[in-house]
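So you can see what is in the structure, the chains are spelled out below.
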Amino acid sequence: MLFHQVFNLLFLFFLQMTAQEVRLCGLLLQEHFGNVVEKVGTHLIRSGVLNLRALAHETKLPLDLVKKSLCVLVQHGMCTFGAGRRGPAGPVEYRINCEHVFHMLRYPRYIYTAKSLYGDTGELIVEEILQRGQMTMSSTVKTVADRLTHNMPEGQSMDYSEVVSVFSQLVETHFLQRCPPLASAGSSSSGAVDTPLPVATQPTEPENHPDCYKLPYINLTGQGKRRRSSEDGEADQRAAKKARTDNSECGDDGIYWQVNFQRFHLHFRDQAIISAVSCKLDQSSSEIVRTMLRMSEVTTPAHAAFTQALSANEIFRALLSSYNIARPILDQYLSLLVDDPMEFVGKTGDSGGGMYVVNLHRALANLARATLESVVQERFGSRSARIFRLLLRKRHLEQKQVEDFAMIPAKEAKDMLYKLLSENLVQLQEIPKTPDYAPSRTFYLYTVNQLPTARLLLQNCYKTVGNLIERRLYETKENKRLLEKSQRIEAILASLQATGAEAAQLTEVEEMITVPERQQLESLRHHINKLDSSENQVDETIFLLKSYINSTQASH
Amino acid sequence: MAGSRGRGRSQFSFSVDALGFGRGDSLPSSAHTPSPLYPPMQFRPVPLHTGEEVDYMLALKQELRASSKNLPFHIQAARTKTDVARYSDKYQNGETKNNCIEWSPDWSRMPKELCIKVRKPRKTVIGAKPQLTRKPKVAAGKEEALQKLETLEKREEEQHSEEEEDEEKKKQNEEEPDADEDYDEEELEDETDYIMSYFDNGEDFGADSEDNMDEAVY
């Protein structure tokens, strides 16, 4: 019992969320699931761990609403539950997984990646599973087939087998995985009505289960149904509805699938490395790195610092002939990559024509460093960026040395340094010469530490996204009346067109929105697009910095 | 620290050059007000990325936001009636009630204490006239089934007829909730002669503005 308490306290301490992170979680929950879930989720994040009754009591919400909110959060994998401090006999305790909430920001990127790899079918599969949290294979296949059929020309429909094959591909390449079964499933829960959940406090890792990527055998044949508004469609609807409720017929009852975010993140990391090589060197070098990464996909564990060693012979054989790279050219490119200061590729031996690895962690560190330098440059100018880069490289420098190395006059250098200091991008370190810390006998050294600076910037990113969301909500609220009017007019136009109205009637309705109103709507649309696009772009930076920070923790 | 104070009083304990200004210069003015909320930027920000990929992801983001509002996971508190109970309450459409959940989770994967009654919301289909013909069909179906049961009872043996009865009952039960779901609420609910908007007592007018939802999405 005591161990549990201590363990929980320590767990809470290390998992404390910053104010910006809590704020962003709240905004994301509100956007997707509404105010009620936001209230429940935010309170649970702040408290760390709570049981149902305490949660209902502290949020002052009706118990039923809290139950519904928790169901939604558990369904989407954002909330985990387990035996609490009082052990299996006590109440179940709930905890929010903030990282999972942040993933909601990245949904468009996951879906677009699925589209680029597996086409429209892959795109819809991932979209459906993301929106519903977890789904069985059969229901996913049916829903996606219906959606694809809806967009196909009249008379055509999507066969279930095609969707099944794309689903299988997504599972084989580990982009989808089975939801981990509850730990209580393993223990014998024979017949007892009130079996308490003997689950561990920690959520079970999906990859710890051997069947994680095993496709179930399902008995599913047929085609997607087209939703029609005519009377003929009713028979289809009833049949489709019956088919959807008869899940047990397909044979995969109870086997739920979720998106494997980690796999997508590895893919994004590889993309970032390849594009960095392409920018720094050239297209051919990036293709070589792409080949190396592709070869190591299955053999490299998720948190590895570098890929498995590959010989130049192997790389040559694996290179696509379309790249048209001859063997001696490949050797030259490889030595170029090894010598590059970005250290993307390293040489670990000479057998097989040379053994090469991709330095994953070092690549991430360099990408993070490039991000930091870019931020300083865009906010403070290129000379401040020069000072920043200097300090990153030389670690500790005195004021005089900074002025000399950066070749910037003393007064301006001081100004820039103090500005960077006030923004916490640069730190001051005291090295005393004597034990009494006398200022005349102490070295004052400026220093930049990459990891804490990356963490600081990450918090800035969270704050930025929060600000962007709040601004978008404000803009929408300010123009609510106009937006509603525009929606009503669009609805009227749509119904008029459906019933075949004349052009004169349509223009009459269109003119109900005046020209200045139209301009206002257009400008609002432009602003919201810009804010949304900015969110997507900041999320790319969040991903890079978070990957870097995680990689440093993994190696410790 | 105390030791060096006695000697060389005109000497400062740090080199004055390191401060960045000479002896006679005035100190930089101190701030009297908090820094402005939107300080003028020295450097303009770099423009956003553009391209097909960016546009597609923007469209995806906005679509996801719009569709997530319609999913059953978007939970709203049921509006509490603060007035007296009204006759029209009986005929008001079944809005979301707190004690019902609008989707059916797999309860075996959730803690038992979260279990709550599942009730799929009745969908209003705007302008779907074919729905009108459903009710007579269903009614006819019921009658037919009843007749079938009677004849079967007479003709078949008891065991066999019981099986058929159960099947028919199951089909009836399945059809009823199905039919309920597809009922066009505007007409035909609870067999009144009035359309449902007749019972609209105007309470909802203007109430929506209190909600925090942003309805329009681009």
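- Under an unreviewed UniProt entry, chain A has the name DNA-directed RNA polymerase III subunit RPC3 and belongs to Sinocyclocheilus grahami.
- According to the UniProt record, the Subcellular location (unreviewed entry) comment for chain A is "Nucleus".

## Quick look at the sheet that holds strand E11 (residues 427-432) of chain A
Residues and elements named next belong to chain A.
Then, in step 1: Taken in spatial order, the three strands line up as E10-E12-E11 in an open sheet, and their pairing is antiparallel. Taken across any chain shown, the strands that pair with only one partner, and hence form the sheet edges, are strand E10 (396-398) and E11. Within the sheet, the average angular offset between the axes of one strand and its neighbour, ignoring direction, is 40°.
Then, in step 2: As defined by bridge partners, E10 adjoins strand E12 (residues 442-447) across three bridges and the pair is classed as antiparallel.

## What about helix H7 (residues 107-132) of chain A?
All names here are of chain A.
Then, in step 1: The end-to-end C-alpha distance of H7, which contains 26 residues, comes to just 12 Å, noticeably less than the 38 Å that a straight helix rising 1.5 Å per residue would cover.
Then, in step 2: At Tyr118, H7 shows its largest bend, some 145°.
Then, in step 3: With 20 of its 26 residues buried, H7 lies for the most part within the structure.
Then, in step 4: One or two positions beyond H7, positive phi appears at Gly133, with a value near 85°.

## Some details on the nonpolar core
Residues and elements named next belong to chain A.
Then, in step 1: Counting residues in hydrophobic clusters, the biggest one holds 121 residues, and the most contacted among them are Leu70, Tyr94, Ile125 and Leu391.
Then, in step 2: Looking at which element gives the most residues to this core, the answer is H7, with 11 residues.
Then, in step 3: Residue contacts for Ile125: discarding those within four places in its chain leaves Thr140, Val144, Val163, Val166, Phe167, Leu170 and Leu176.
Then, in step 4: The next biggest cluster of nonpolar side chains, apart from the first, holds 26 residues, and it includes Ile274, Ile325, Leu330 and Leu337.

## With respect to the sheet that holds strand E2 (residues 79-84) of chain A
Residues and elements named next belong to chain A.
Then, in step 1: Within the open sheet, the three strands sit side by side as E1-E3-E2. Their pairing is antiparallel. Strands at the two margins of the open sheet, each flanked by one partner only, are strand E1 (49-51) and E2. Here the average twist between neighbouring strands, direction ignored, is 40°.
Then, in step 2: Across six bridges, the pairing between E2 and strand E3 (residues 87-96) is antiparallel. Within the sheet, the bridge partner assigned to Cys79 lies in E3 and is Ile96.
Then, in step 3: Sheet strands in contact with helix H5 (residues 63-75) are E2 and E3, and its direction is about 110° off that of E2.

The rules behind the values
Residues numbered from 1 in each chain as written. Chains lettered and ligands numbered in written order. Predicted model: local features only at pLDDT ≥ 70, side-chain atom pairs only at ≥ 80, totals over all residues. Heavy atoms only, no water. UniProt positions renumbered as here; feature names shortened; annotations may be inferred. Pairing = 2+ DSSP bridges. Helix = DSSP H or I, 4+ residues; strand = E, 2+ residues; numbered from the N terminus. Axes fitted to C-alpha atoms, helices over the stretch in contact; angles between N-to-C directions. Expected span 1.5 Å × (residues − 1). Bend = angle between axes of the 7 residues up to and from the residue. Buried < 20%, exposed > 50% of the residue type's maximum accessible area, 1.4 Å probe, protein only. Core = buried A, V, L, I, M, F, W, Y, C linked by side-chain atoms within 4.5 Å. Contact = heavy atoms within 4.5 Å.

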